[in-house]
Amino acid sequence: MKISLNVNGSPRELDSAPLVRLLDALRGPLGLTGTKEGCGEGECGSCTVLLDGDPVNACLVPIGQCEGREITTVEGLGKASHLSPLQRCFIDEGGAQCGICTPGMLIAAEALLRQRPDPDEPAIREALAGNLCRCTGYQRIVESVLSAAALRREGAAQ
């Protein structure tokens, strides 16, 4: 089956069985390996992407449900040569550890900041609750999101 979708702002088309996981389509034929597979059961959040602006676990979404929809992966947030403020803050504040959870954390944080440009710490913790990290106590991740929110507000004020 031919499936047309928009990935990171670009129209894409692929031949796929409709029940192939979005995660496998992203990492396979679409070549976007930034999205990670952790548990494969929708429990860890490593594979979080935005589907029409909402965070979803790509391991639970059949590609057939993505026809004509907008998908944003971690690659869509910025490029190595020009990181987004959120990505930069994860580096600067030490929010990125081993890298398995980082793409999902970044996407969940991006979804939060789009809805709430000035979140407090409890809101950040709630938004990231579906993303598990085995390396840290989450505080640096929360601080990274707070810093990114401040940078975005400064940029909007200019």
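Keep in mind that this is a model prediction, so the values were computed, not measured.

A.B. asks: I would appreciate a short explanation of the pattern of salt bridges in the present structure.
C.D. replies: Two side chains of opposite charge can pair, provided their charged atoms sit close to one another. All chains considered together, the criterion is met by 10 salt bridges. For the salt bridge of Lys-2 with Glu-13, the shortest nitrogen-to-oxygen distance reads 3.7 Å. Taken together, the positions of Lys-2 in strand β1 (residues 2–7) and Glu-13 in strand β2 (residues 10–15) put the pair 11 residues apart, joining distant regions of the chain. In this structure, a network of salt bridges that share partners links the residues Lys-2, Glu-13 and Asp-15.

A.B. asks: How do you make sense of the environment of Cys-59 when you look at a structure like this?
C.D. replies: With respect to the element layout, Cys-59 can be found in the loop between β4 (54–57) and β5 (70–72). Relative accessible area serves as the criterion here: at 6%, Cys-59 is assigned to the buried category. Sequence separation between Cys-59 and Gly-130 is 71 residues; the distance between their C-alpha atoms is 14 Å. Once residues within four sequence positions are removed from consideration, Cys-59 is found in contact with Arg-21, Leu-23, Gly-40, Glu-41, Gly-42 and Cys-47.

A.B. asks: Help me understand the sheet that holds β1, please; the structure alone is not making it clear to me.
C.D. replies: Hydrogen bonds along the backbone pair up the strands of a sheet, which may run parallel or antiparallel. As summarised here, the arrangement of the five strands in space is β2-β1-β5-β3-β4, forming an open sheet in which the pairing is mixed. The outermost strands of the open sheet, each flanked by one partner alone, are β2 and β4. Sheet twist, expressed as the mean angle between neighbouring strand axes with direction ignored, is 40°. Taken together, the two bridges between strand β3 (residues 48–51) and β5 define a ladder with antiparallel strand orientation. If you follow Leu-50 over to β5, its bridge partner there is Thr-72.

A.B. asks: How should the packing of helix α2 (residues 85–92) against helix α3 (residues 102–115) be read in this particular structure?
C.D. replies: Angle between the axes and distance between the axes are the two parameters that describe a pair of packed helices. Where α2 contacts α3, the two axes come as close as 10 Å, and the packing angle between them is 130°. By the angle between their directions, the pair α2 and α3 is classed as oblique. Seen from above, α2 lies across α3 with right-handed handedness. The segment α2 lies against α3, with Leu-86, Gln-87 and Phe-90 engaging Thr-102, Met-105, Leu-106, Ala-109, Glu-110 and Leu-113. When its residues are assigned to classes, the contact of α2 with α3 shows six nonpolar, two polar and one charged.

A.B. asks: Help me understand α3 in this model?
C.D. replies: Along an α-helix, a turn takes 3.6 residues, which lines up residues three or four apart on a common side. When the terminal C-alpha atoms of α3 are compared, their 20 Å separation across 14 residues agrees well with the 20 Å that a helix rising 1.5 Å per residue should span. Most of α3 is tucked away: 12 of the 14 residues are buried. For α3, every residue scored as buried is listed here: Thr-102, Pro-103, Gly-104, Met-105, Leu-106, Ile-107, Ala-108, Ala-109, Glu-110, Ala-111, Leu-112 and Leu-113.

A.B. asks: Looking at this model, I keep getting lost on the pairing of β2. Mind explaining?
C.D. replies: Regular strands show a simple pattern: their side chains alternate between the two faces of the sheet. Both β1 and β2 contribute to a ladder of six bridges, which runs antiparallel. Bridged to Val-7 within β2 is Ser-10. Hairpin geometry of β1 and β2 is characterised by an intervening segment of two residues between the two adjacent antiparallel strands and by a positive phi of about 55° at Asn-8.

Procedures and definitions
Residues numbered from 1 in each chain as written. Predicted model: local features only at pLDDT ≥ 70, side-chain atom pairs only at ≥ 80, totals over all residues. Heavy atoms only, no water. Salt bridge = Lys/Arg side-chain N within 4 Å of Asp/Glu carboxyl O. Helix = DSSP H or I, 4+ residues; strand = E, 2+ residues; numbered from the N terminus. Buried < 20%, exposed > 50% of the residue type's maximum accessible area, 1.4 Å probe, protein only. Contact = heavy atoms within 4.5 Å. Pairing = 2+ DSSP bridges. Axes fitted to C-alpha atoms, helices over the stretch in contact; angles between N-to-C directions. Parallel < 35°, antiparallel > 145°, perpendicular 65-115°, else oblique. Left-handed = near helix turned anticlockwise from the far one by under 90°. Nonpolar A, V, L, I, M, F, W, Y, C, P; charged D, E, K, R; others polar. Expected span 1.5 Å × (residues − 1).

Keep in mind these numbers describe shape, not what the thing actually does.
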